[in-house]
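# Observations on the model geometry
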Amino acid sequence: MITDFRSRFGFHTTPFTREFAVDQRFALGFFDENLTALSRAIENRMSAALIAPAGTGKTALLRALAHGLPEARYRVHYVKVTELSKRDLCREIAVACGAEPAGNYPTLVRRLQERFLSATAVDGVRPVLILDEAQDLRPDVLSILRTLTNFEMDSRLVLSILLAGQTPLRDILRREAHESVARRLAHFAYLRLLSREETLRYISHRCTIAGAATIPFDARALDALFEISCGNLRAIDSLAFKSLELAHDAAVSVVDSNHLAQARKLVSP
Ligand SMILES: Nc1ncnc2c1ncn2[C@@H]1O[C@H](COP(=O)(O)OP(=O)(O)O)[C@@H](O)[C@H]1O
Ligand SMILES: [Mg+2]
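Described in the following lines is the structure provided in the data block. (Residues numbered from 1 in each chain as written. Chains lettered and ligands numbered in written order. Predicted model: local features only at pLDDT ≥ 70, side-chain atom pairs only at ≥ 80, totals over all residues. Heavy atoms only, no water.)

Below, the discussion takes up the site of ligand 1. Neighbouring ligand 1 are 18 residues, the closest being Phe-26, Gly-55, Lys-58, Arg-234 and Asp-237. With respect to ligand 1, the backbone of Gly-57 contributes an N or O atom lying 3.0 Å from an oxygen atom. Note that an oxygen atom of ligand 1 is positioned 2.8 Å from one of the side-chain N or O atoms of Lys-58. Taken by itself ligand 1 offers 550 Å² of open surface, and the protein chains cover 96% of this. According to the grid-proximity analysis, the pocket containing ligand 1 is the largest pocket. At the level of secondary structure, the elements contributing two or more residues to the shell around ligand 1 comprise helix 3 (58–68), helix 9 (196–209) and helix 11 (233–249). Tallied by class, the residues present in the shell around ligand 1 amount to seven nonpolar, five polar and six charged. (Near = heavy atom within 4 Å. Polar contact = N/O pair within 3.5 Å; in protein donor to acceptor, adjacent residues only side chain to side chain. Areas by Shrake-Rupley, 256 points an atom, 1.4 Å probe, with all protein chains shown as cover. 1 Å grid on protein atoms, 1.4 Å probe; cavity = no way out; pocket = protein on both sides within 12 Å on 5 of 7 lines; lining within 4 Å. Sits in = over half its atoms within 2 Å of the grid points. Helix = DSSP H or I, 4+ residues; strand = E, 2+ residues; numbered from the N terminus. Nonpolar A, V, L, I, M, F, W, Y, C, P; charged D, E, K, R; others polar.)

Turning our eyes to something else, we now look at the packing of aromatic side chains. When we look at a pair of aromatic rings, we describe it by the centre distance and by the angle of the planes. A complete count under the given rule lists six aromatic pairs for this structure. Taking 5.4 Å as the distance between ring centres and 65° as the angle between the ring planes, the aromatic pair formed by Phe-26 and Tyr-202 counts as edge-to-face. Taken together, the residues Phe-26 in the loop between helix 1 (5–9) and helix 2 (29–43) and Tyr-202 in helix 9 connect sequence positions 176 residues apart. Summarising the burial analysis for this pair, Phe-26 and Tyr-202 share the class buried. One aromatic cluster in this structure is built from Phe-5, Phe-9, Phe-11 and Phe-241. One cation-aromatic arrangement involves Arg-63 over Phe-20; the distance from NZ or CZ to the ring centre is 5.0 Å. (Phe/Tyr/Trp six-rings, centres within 6.5 Å; stacked < 30°, edge-to-face > 60°. Buried < 20%, exposed > 50% of the residue type's maximum accessible area, 1.4 Å probe, protein only. Lys NZ or Arg CZ within 6 Å of the ring centre and 35° of its normal.)

Next comes the structure, spelled out in structure tokens:
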């Protein structure tokens with residue numbers, strides 16, 4: 001009989017995937033501290049930044065943050081930034097806000113400002129704009145953020161912006177030209193790589209939420225998972241998944257360090 005991948009290891013769902021329910025996230029102390037600090041900035045009607053290398057949990061944290069903001073009081077719009085012109089980024093933001101994405105740049109800005117104002121004034125909800133992968137914002141486009149937060153009526157700040165991006169975002173925000181944007185950010189959150197112990201807990205967590213009663217990696221495989229991934233969540237995911245596949249192909253139900261060595265070659269150039 002052919003045993004399927006999941007049942008070989010006792011999983012109910014596929015482990016180490018990108019998608020997981022917010023309430024099944026791995027809630028480490030430093031994730032939660034950053035989550036609290038960013039939520040607080042938004043509750044105080046401020047903007048903030050989340051800066052960390054690729055694969056360290058930014059997007060997952062943003063999802064948890066958006067999930068945690070009460071729907072009755074906040075309207076969260078999520079945009080994944082690419083190297084767009086000002087007008088095109090405004091169009092993307094308009095789409096995310098359910099506004100018509102047509103017209104030139106000034107028209108779009110005006111429409112967005114009206115949209116954000118009416119959210120506050122008419123609907124009584126606070127708009128929050130999340131810009132993910134913000135290291136890809138073109139330098140001239142960054143000034144949009146000033147424009148969008150710069151129409152305070154009676155000195156009220158209408159919109160909270162959450163800029164999330166990889167480490168180069170920090171250097172971008174430090175440039176003199178962007179001082180006025182950086183000054184609007186009331187909190188800077190940083191994520192780090194997991195320690196060895198945290199990596200083991202993370203692997204165990206991902207196996208458990210996928211339904212496994214035991215962890216299908218032996219001790220040396222777990223060591224290798226940490227050594228190779230250096231505690232980067234995305235690297236752990238892809239190595240763990242690939243090595244499970246290799247063990248499955250070899251018809252064994254425990255991943256060992258040989259599977260990891262093979263997996264390493266298959267998931268990186
Ligand atoms: N809190 C978490 N709980 C469980 N898995 C997570 C968590 N944070 C990140 N991950 C996993 O790590 C991977 C990389 O995280 P992601 O948020 O996409 O990183 P980034 O946005 O910094 O590149 C995700 O695909 C997800 O599987
Ligand atoms: Mg991301």
